[in-house]
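A structural walkthrough
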Amino acid sequence: MTAAYRERVVTFGVSRGLVGILTGPRDAGQCDAPHVIVLNSGVLHRVGGNRMHVRLARALSAEGITTLRFDLSGIGDSERRPDVGSLRESVERDIAEAMEYLAASQRATTFVVMGLCSGAFDAMNAAVRDERVVGAIMVDLPGPFQTWRYIAYHIGRRLLRAKSWRGAHAKAAFHLRALASSFTPERNQDDSGRPVVGGRSRESRKRVQGQFDTLLGRGVRLLVVFTPGVETNYNHRSLFRTTFPRAAAHPALEFEYFATADHTFSRERERTRLVERVVAWMTPYRRRSSISRAYAVSVPR
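Residues numbered from 1 in each chain as written. Predicted model: local features only at pLDDT ≥ 70, side-chain atom pairs only at ≥ 80, totals over all residues. Heavy atoms only, no water.

**Quick look at the overall build of the protein**
Helix and strand counts for the protein stand at nine helices and eight strands. When burial is assessed residue by residue, the protein has 51% of its 301 residues classed as buried. Intrachain contacts of the protein at a sequence separation of at least 6 include 73% that bridge at least 24 residues. Only carbon and sulfur atoms are counted for the fraction: they give 55% of the accessible area of the protein, which is about 14200 Å². (Helix = DSSP H or I, 4+ residues; strand = E, 2+ residues; numbered from the N terminus. Buried < 20%, exposed > 50% of the residue type's maximum accessible area, 1.4 Å probe, protein only. Contact = heavy atoms within 4.5 Å. Areas by Shrake-Rupley, 256 points an atom, 1.4 Å probe, with all protein chains shown as cover.)

The structure is reproduced here in structure tokens:
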């Protein structure tokens, strides 16, 4: 069976040092959907954990939607940038260049940005910066969820376990620091001017709420997905609603909690659920698509 999508390697950016895979429908049809940009999760290659990004891009192509999954500078096949000193600036330039590439080569005018973990952090920031972003999909967004409820859920599961009482003083101090940090902005370690290394800083609750307000006020659609896979970040279904009640109640934001998934969706059934959920969320963008829903898998890249 002939695959219902086309894939090709692309290079772009000022020095053509960024490398990605452009996946789109074999039959272009008529579809005004935004182009989807899928970002790296940490230092994982553009295929994503357990090849999630590959599967997602091919499923979206069956809906007439074109996807670019690419490696940020210094990850996978992409060259490291010599012209920036902070991780945040490097990521911002990479995503901006991905949009410019799609605008020039595919005539893209609007975008949906997706990422898991650090990729979710980068997707939110990209959506805030660029008004061409009309949607963002954020999976396991690192956030200030270490509230009293978080601590109560964490301790409640461990009260009757003898080993949980070992080092109780140190554990209590850790959670109190986490609770305090959810209200107090931390210094952005990735804006320090040092070489492009390190991870993303956890933002304060006030700042993240402001980002949600900006996006939802602009009419950006959001899909927020959490798992219990990183318990130090998120450990109960209700945390998003109680931490950001205004955003959670907004009609443009959809929330999902995958209670049995791990952080990288290592189980096949959970990957299938996530792909199906993202494809369904993208459906409103398919107003004039004439693409068949069926697709086949070709030789993986």
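**Concerning the packing of helix α1 (residues 52-61) against helix α9 (residues 268-282)**
Two numbers describe how α1 lies on α9: the axes approach to 10 Å, and their chain directions differ by 40°. With respect to α9, the element α1 is oriented oblique. In this structure, the crossing between α1 and α9 has a hand that is right-handed. Facing α1, whose interface residues are M52, R55, L56, A59 and L60, α9 presents E268, R271, T272, L274, V275, V278, V279 and M282. Of the residues assigned to the contact of α1 with α9, the class counts are nine nonpolar, one polar and three charged. (Axes fitted to C-alpha atoms, helices over the stretch in contact; angles between N-to-C directions. Parallel < 35°, antiparallel > 145°, perpendicular 65-115°, else oblique. Left-handed = near helix turned anticlockwise from the far one by under 90°. Nonpolar A, V, L, I, M, F, W, Y, C, P; charged D, E, K, R; others polar.)

**With respect to the sheet that holds strand β5 (residues 111-116)**
The strand order across the open sheet formed by eight strands is β1-β2-β4-β3-β5-β6-β7-β8, and the pairing between neighbours is mixed. The sheet is open, and its two edges are formed by β1 (5-12) and β8 (253-257), each paired on a single side. Neighbouring strand axes in the sheet, compared pairwise and without regard to direction, differ in orientation by 15° on average. Judged from the five bridges that link them, strand β7 (residues 221-226) and β8 form a sheet pairing that is parallel. For L223, the partnering residue across the bridge sits in β8 and is E254. (Pairing = 2+ DSSP bridges.)

**Focus: helix α6 (residues 205-217)**
Structurally, the α-helix is built with 3.6 residues per turn, so residues lying three or four positions apart point the same way. Here α6 contains 13 residues, and its C-alpha end-to-end distance of 18 Å stays within 8% of the 18 Å for a straight helix at 1.5 Å per residue. Turning to α6, its buried residues are R205, V208, Q209, Q211, F212, L215 and L216. Along the axis of α6, the buried positions cluster into a sector of 155°, meaning they face one direction only. Residues K206 and G217 are exposed on α6 and point more than 90 degrees away from its buried face. (Expected span 1.5 Å × (residues − 1). Arc of directions from axis to C-beta.)

**Looking at the pairing of strand β6 (residues 133-139)**
Of all seven residues in β6, six are buried, a share of seventy percent or more. Pairing geometry for β5 and β6, over six bridges, is parallel. In the sheet register, G115 faces β6, and the bridge partner there is M138. With respect to chirality, the unit in which β5 leads through helix α3 (residues 118-129) into the neighbouring parallel β6 is right-handed. Note that β6 and β7 share five bridges and pair parallel. Each bridged residue has a counterpart across the sheet, and for V139 the counterpart in β7 is V225. (Right-handed = clockwise from strand over helix to strand, strands pointing away.)

**Some points on unusual backbone geometry**
Positive phi values are uncommon outside glycine, yet N50 reaches one of about 55°. Note that N50 resides in the loop between β3 (35-38) and α1. Given the relative accessible area of 39%, N50 is considered partly exposed. You will see that R51, though not glycine, has its phi angle at about 60°, which is positive. By the secondary structure assignment, R51 is in the loop between β3 and α1.

**Quick word on the nonpolar core**
Within the largest apolar cluster, 49 residues are counted, with the highest numbers of intra-cluster contacts made by L68, F70, M138, F212, L222 and F240. Of all the elements, helix α2 (residues 87-106) adds the most residues to this core, at seven residues. With sequence-adjacent residues up to four places away left out, L68 is seen in contact with V10, F12, G20, I21, L22, V36, I37, V38, A98, Y101 and L102. Core analysis: the second largest hydrophobic core is formed by 25 residues, V38, A59, L274 and V275 among them. (Core = buried A, V, L, I, M, F, W, Y, C linked by side-chain atoms within 4.5 Å.)

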